[in-house]
Amino acid sequence: MKYVVLIGDGMADEPLEELGNMTVLQKANTSNMDYLAKYGRAGLVQTVPEGMHPGSDVANMSIVGYDPKKYYTGRSPLEAASMGVELEKDDVAFRCNLITIKDDMIADYSSGHITNEEAKELIESIDAELGDNKVRFYPGISYRHLMVGKKGLGANTECVPPHDVIDESRFEHMPKGEDSELICELTEKSMEILKDHPVNLKRMEEGKNPGNSIWLWGQGYAPAFTPFGDLYGLKGAIISAVDLVKGIGIYAGLDVIEVPGATGYLDTNYLGKAEYAIDALKDHDFVFVHVEAPDEAGHMGNMNAKIQAIEDFDEKVVGTVLNAAKEMDEDVTIMVLPDHPTPIVLRTHTSNPIPVAIYCTSEKASDDADAFNEDSVKKGTLGTVYAADLVRKLIDGEWAQ
């Protein structure tokens, strides 16, 4: 048996008046995910444990088979692993967003999805001015970067993700608590450095949002994972454009497969991800494929973009994998799900249970679910499953019983 898990980040949503009280998942053409739900088993999944923040870190960690209640130490250490930044025992890794502040309001968590090249220049300028024996800054992808604090610096500081507080005053959401004075000072100094930076002046001339401030959050120490192979006895791989998800794979001992043109945005190489996943099944038992685009559209509050991202995911990723699986000599189990909802209206994550469908090329297992969406899957036989149990249920075949 081979296993493929297809994750459409943030696909789940809430009913919208503009869509006649349908969700974007109900509105979108999802014929391939509907097929999996109709000819497999469906249900709901709780990816975020009670009391934990509904971040992609917690949710995807659960889906990959690691209970966040046991393994989670913070978001940014996972991203550090993907970026090749090794953390010492007392190092604290922070996510360092490049954001846009206008009139002291947090206007854009992504600086207009700034390019890698532009962002690298800005972060290198920040590190040249602010980097010392206490903190260092490392460039990442687009708006997502890294700061490492030494000797436990900032481990207990209270920080807020910028995408949770769009169009709100930055002063109301500055870091609080232990070490917050220094973290706030770094933010203020970054604004002075970036204000007249040539990269930002050029972006503004072009009508684009500047990366005129850093925003620090998601910090933690390096976690200790039991290797996936030791936990489940299978060789696995993971495909994603997002450092966070790749970092989970690295800590889990999964092979991280890089796909050309995978951007973590609406223009990502959907088809390439599917084709690389199919190829990976030749020498892996388990492949996770993560697509960020629906989540980005949700954070943007862009209904049409989210519908398009879901349809692209369904056609180019799910459809491609499904068609290939039917032609394989070996049996293949496919599971499709979001990691969490990212409702258009809220523009941030929630911790509500999300839909899941599981289909096997050799199993004649089906239930009353006839489409892949938030309502139809409730007619499925899976009930509500804790996400960290899913990998084991797939391997043991419990889902089909």
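Note that the coordinates shown come from a computational prediction; the quantities given were computed from them, not determined experimentally.

Let us now look at the packing of helix H12 (residues 293–300) against helix H13 (residues 303–327). Contact pair H12 / H13: the axes reach a minimum separation of 8 Å and the direction vectors enclose 175°. In terms of orientation, H12 and H13 fall into the roughly antiparallel class. Across the interface between the two elements, Ala293, Pro294, Ala297 and Gly298 from H12 touch Ala305, Lys306, Ala309 and Ile310 from H13. Tallied by class, residues from the contact of H12 with H13 come to six nonpolar, one polar and one charged.

Further remarks concern the UniProt feature "domain: Metalloenzyme" (unreviewed entry) in the protein. As annotated in UniProt, the feature "domain: Metalloenzyme" (unreviewed entry) corresponds to residues 1–390 in the numbering used here. Between the end C-alpha atoms of residues 1–390 there is a gap of 16 Å, over a span that is 34% helix and 20% strand.

Moving on: empty space enclosed by the protein. On inspection of all chains with the given rule, the structure shows one cavity of 30 Å³ or more. Every residue lining the largest cavity is counted, 15 residues in all, and those nearest its centre are Arg75, Tyr143, His163, Glu292 and Asp295. The element contributing the most residues to the lining of the largest cavity is H12, with three residues. For the lining of the largest cavity, the per-class residue count stands at four nonpolar, five polar and six charged.

Pairing of strand S3 (residues 92–102) with strand S4 (residues 105–108), which is carried by three bridges, proceeds in the antiparallel orientation. Of the residues in S4, the one forming a bridge with Ile101 is Ile106.

Now for the packing of helix H6 (residues 116–130) against helix H8 (residues 198–205). One can describe the packing of H6 onto H8 by two numbers: an axis separation of 9 Å at closest approach and a directional angle of 140°. Taken together, the axes of H6 and H8 are oblique relative to one another. In contact with Glu118, Glu121 and Leu122 of H6, H8 contributes Val199, Asn200 and Arg203. Here the residues of the contact of H6 with H8 sort into two nonpolar, one polar and three charged.

Notably, Asn21 is not glycine yet its phi reads approximately 65°, a positive angle. In this structure, Asn21 sits in the loop between strand S1 (2–8) and helix H1 (24–27). Classification of Asn21 as exposed rests on a relative accessible area of 54%. Despite not being glycine, Lys151 shows a phi value in the positive range, around 55°. The residue Lys151 is located in the loop between strand S6 (144–149) and helix H7 (180–195) in this model. Residue Lys151 is classed as exposed on the basis of its relative accessible area of 73%.

Definitions and cut-offs
Residues numbered from 1 in each chain as written. Predicted model: local features only at pLDDT ≥ 70, side-chain atom pairs only at ≥ 80, totals over all residues. Heavy atoms only, no water. Axes fitted to C-alpha atoms, helices over the stretch in contact; angles between N-to-C directions. Helix = DSSP H or I, 4+ residues; strand = E, 2+ residues; numbered from the N terminus. Parallel < 35°, antiparallel > 145°, perpendicular 65-115°, else oblique. Contact = heavy atoms within 4.5 Å. Nonpolar A, V, L, I, M, F, W, Y, C, P; charged D, E, K, R; others polar. UniProt positions renumbered as here; feature names shortened; annotations may be inferred. 1 Å grid on protein atoms, 1.4 Å probe; cavity = no way out; pocket = protein on both sides within 12 Å on 5 of 7 lines; lining within 4 Å. Points joined across faces, edges and corners; volume = space filled by probe spheres on them. Pairing = 2+ DSSP bridges. Buried < 20%, exposed > 50% of the residue type's maximum accessible area, 1.4 Å probe, protein only.

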